[in-house]
Amino acid sequence: MTKILQLLKCPQKLGVIPRFATRQPVQCNLATKCQKKLKIMFFGTDEFALESLATLHHEYLGGGCVRGVEVTCLAMKTLVPAVTKYAMENDLKLHTWPPDIAMIEEDKFDLGVVASFGQLIPAKVISSFPLGMINVHGSLLPRWRGAAPVIHALANGDKTTGVTIMRVRPKRFDVGEVFAKREVEIGATVRRPELTAQLARVGAELLIEVLRDFEISVKLSQTQGEDGVSHAPLVRKEAALIDWEVLSNLEVYNLWRAVGDFLKLRTKYSETGLVVRIGTVLPPSVLEGAGLGEEEGEPGEVRFVKRGG
């Protein structure tokens, strides 16, 4: 548990590439001029990825910078991924991972686009696209490289996060050159689903901006370097176990914001050792003036507070 908390608390520096810091959200404009219309293979699974896929599809339907889009998704035994469902409902050609490299080359795809896919892309797949592959990532890289950037940003108490459009490189996640970044403020009470949805929208907008000016974006891309790197691996259920001797009240609240919608926070009742599940955690500010200062009780102690009293 201590190792998990140390990972979640790793503070690092944030940065934004100046060229993209002042860009405004994309507006639907059929008159938008593109350097080149692109045929794209999209790789994704969940709701975060769906926002980018839907935006690419709308760009295609509107005669924008996308001349075609098809979808590669992971096969799942029971659940139907959001991206798969969208592709089926909108008659987008659907492929199962791993893709047929010969098909990619024969059908003359230009670029691969990845969002929340969860698989390392082999070099042979990346190189099958003449323009390579790019990724929509839910953090300001190199901060929070990995599969769960939103969770770690919230659990760490970050005040800002953002989205990065970057080049996909083989063998390692989220290390490629950066095309664009956009910063997003994290509200004091925002939770994982809301922040994920916000970042998905921002990422989809930024993706289209990069595609509409792709050659210039490539020329101006920047290497990440290793300064400010932090990692955001998938979170296991053990992360939801509260250690009252380690976490402050604010850290418990931030952990709930990060994982409480899919993991119940848990603790143990000292007298019996039974596990207690915690459904809702209120922000510490709610109890200001309630006379519950740290000097008046032990961490994890249960108190009754009369409503309005």
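Residues numbered from 1 in each chain as written. Predicted model: local features only at pLDDT ≥ 70, side-chain atom pairs only at ≥ 80, totals over all residues. Heavy atoms only, no water.

1. Some words on the packing of aromatic side chains
Consideration 1: For the structure on display, the rule yields seven aromatic pairs.
Consideration 2: With a centroid separation of 5.7 Å and an interplanar angle of 80°, the aromatic rings of Phe43 and Phe117 are classed as edge-to-face. Separated by 74 residues along the polypeptide, Phe43 in strand β1 (residues 38-44) and Phe117 in the loop between β4 (111-115) and α6 (123-126) bring together distant segments of the chain. Considered together, Phe43 and Phe117 belong to a single accessibility category, that of buried residues.
Consideration 3: Aromatic rings pair up to connect Phe43, Trp97, Phe109, Phe117 and Phe129 into one cluster.
Consideration 4: In this structure, Lys39 packs its charged tip against the face of Phe109, placed 4.7 Å from the ring centre. (Phe/Tyr/Trp six-rings, centres within 6.5 Å; stacked < 30°, edge-to-face > 60°. Helix = DSSP H or I, 4+ residues; strand = E, 2+ residues; numbered from the N terminus. Buried < 20%, exposed > 50% of the residue type's maximum accessible area, 1.4 Å probe, protein only. Lys NZ or Arg CZ within 6 Å of the ring centre and 35° of its normal.)

2. Remarks on the nonpolar core
Consideration 1: Grouped together as the largest cluster of nonpolar side chains are 60 residues, with contacts concentrated most on Phe42, Leu56, Ile134, Ile165, Leu211 and Leu265.
Consideration 2: The dominant element in this core, judged by the number of residues it contributes, is helix α8 (residues 192-212), at nine residues.
Consideration 3: Among residues more than four places away in sequence, those in contact with Ile134 are Leu111, Gly112, Val113, Val114, Ile165, Met166, Arg167, Val168, Phe179, Leu207, Leu211 and Phe214.
Consideration 4: Counting residues in hydrophobic clusters, the runner-up holds 15 residues, among them Phe43, Trp97, Phe109 and Ile121. (Core = buried A, V, L, I, M, F, W, Y, C linked by side-chain atoms within 4.5 Å. Contact = heavy atoms within 4.5 Å.)

3. Brief notes about the sheet that holds β4
Consideration 1: Ordered in space as β3-β2-β1-β4-β5-β6-β7, the seven strands form an open sheet in which the pairing is mixed. At either end of the open sheet lies a strand with only one pairing partner, and these are β3 (94-96) and β7 (178-185). The average angle at which neighbouring strand axes cross in this sheet is 20°, direction not considered.
Consideration 2: Judged from the six bridges that link them, β1 and strand β2 (residues 66-73) form a sheet pairing that is parallel. Pairing of Met41 across the sheet is with Glu70, part of β2. (Pairing = 2+ DSSP bridges. Axes fitted to C-alpha atoms, helices over the stretch in contact; angles between N-to-C directions.)

4. Examining a nonpolar patch on the surface
Consideration 1: On the surface, Leu282, Val286, Leu287 and Val305 cluster together into a nonpolar patch covering about 340 Å² of accessible area.
Consideration 2: Topologically, Val286 is positioned in the segment after β9 (275-278). (Patch = residues over 30% accessible without salt bridge, like charges linked within 9 Å, V, L, I, M, F, W, Y side chains within 5 Å. Areas by Shrake-Rupley, 256 points an atom, 1.4 Å probe, with all protein chains shown as cover. Salt bridge = Lys/Arg side-chain N within 4 Å of Asp/Glu carboxyl O.)

5. Topic: the pattern of salt bridges
Consideration 1: Inspection of every chain in the model, using the stated rule, returns eight salt bridges.
Consideration 2: Where Arg67 meets Asp110, a salt bridge forms, and the shortest distance between an N and an O atom there is 3.2 Å. Taken together, the positions of Arg67 in strand β2 and Asp110 in the loop between α5 (101-106) and β4 put the pair 43 residues apart, joining distant regions of the chain.
Consideration 3: Its salt-bridge partner being Asp158, residue Arg143 comes within 2.7 Å of it at the nearest N-O pair. Of the two residues, Arg143 sits in the loop between β5 (133-137) and α7 (149-155) while Asp158 sits in the loop between α7 and β6 (160-167), which places them 15 residues apart along the sequence.
Consideration 4: With relative accessibility at 3%, the residue Arg143 sits in the buried group.
Consideration 5: Residue class for Asp158 comes out buried when judged on its relative accessible area of 11%.
Consideration 6: Salt bridges here are not isolated pairs; linked through shared partners, they connect Lys36, Arg67 and Asp110.

6. Looking at the packing of helix α3 (residues 47-61) against α8
Consideration 1: One can describe the packing of α3 onto α8 by two numbers: an axis separation of 8 Å at closest approach and a directional angle of 35°. The handedness of the crossing between α3 and α8 comes out as right-handed. In contact with Phe48, Glu51, Ser52, Thr55, Leu56 and Glu59 of α3, α8 contributes Thr196, Leu199, Ala200, Arg201, Gly203, Ala204, Leu207, Ile208, Leu211 and Arg212.
Consideration 2: Here the contact of α3 with α8 is built from residues that sort into eight nonpolar, four polar and four charged. (Left-handed = near helix turned anticlockwise from the far one by under 90°. Nonpolar A, V, L, I, M, F, W, Y, C, P; charged D, E, K, R; others polar.)

7. A word on the confidence of the model for the chain
Consideration 1: Put simply, the chain has an average pLDDT of 87, and 85% of its residues get 70 or more.
Consideration 2: Overall, residues 1-31 carries pLDDT values under 50, and its contacts beyond four positions in sequence, including any with other chains, amount to 63 contacts. (pLDDT = per-residue confidence, 0-100.)

8. With respect to unusual backbone geometry
Consideration 1: Cis geometry marks the peptide bond from Trp97 to Pro98, where omega comes out at -5°.
Consideration 2: Inspection of the secondary structure puts Pro98 in the loop between β3 and α5.
Consideration 3: The amide bond that connects Leu141 to the next residue, Pro142, takes the cis arrangement and shows omega of 15°.
Consideration 4: Relative to the helices and strands, Pro142 is located in the loop between β5 and α7.
Consideration 5: Phi at Lys108 is positive, roughly 60°, even though this residue is not glycine.
Consideration 6: With respect to the helices and strands, the residue Lys108 is situated in the loop between α5 and β4.

9. Side note on the pairing of β6
Consideration 1: Buried residues dominate β6, accounting for eight of its eight residues.
Consideration 2: In this sheet, β6 lies alongside β5 in antiparallel orientation, the contact comprising four bridges. The residue of β6 that forms the bridge with Ile134 is Arg167.
Consideration 3: When β6 meets β7, the two strands line up antiparallel, connected through seven bridges. Residue pairing in the sheet places Val163 in a bridge with Arg182 of β7.

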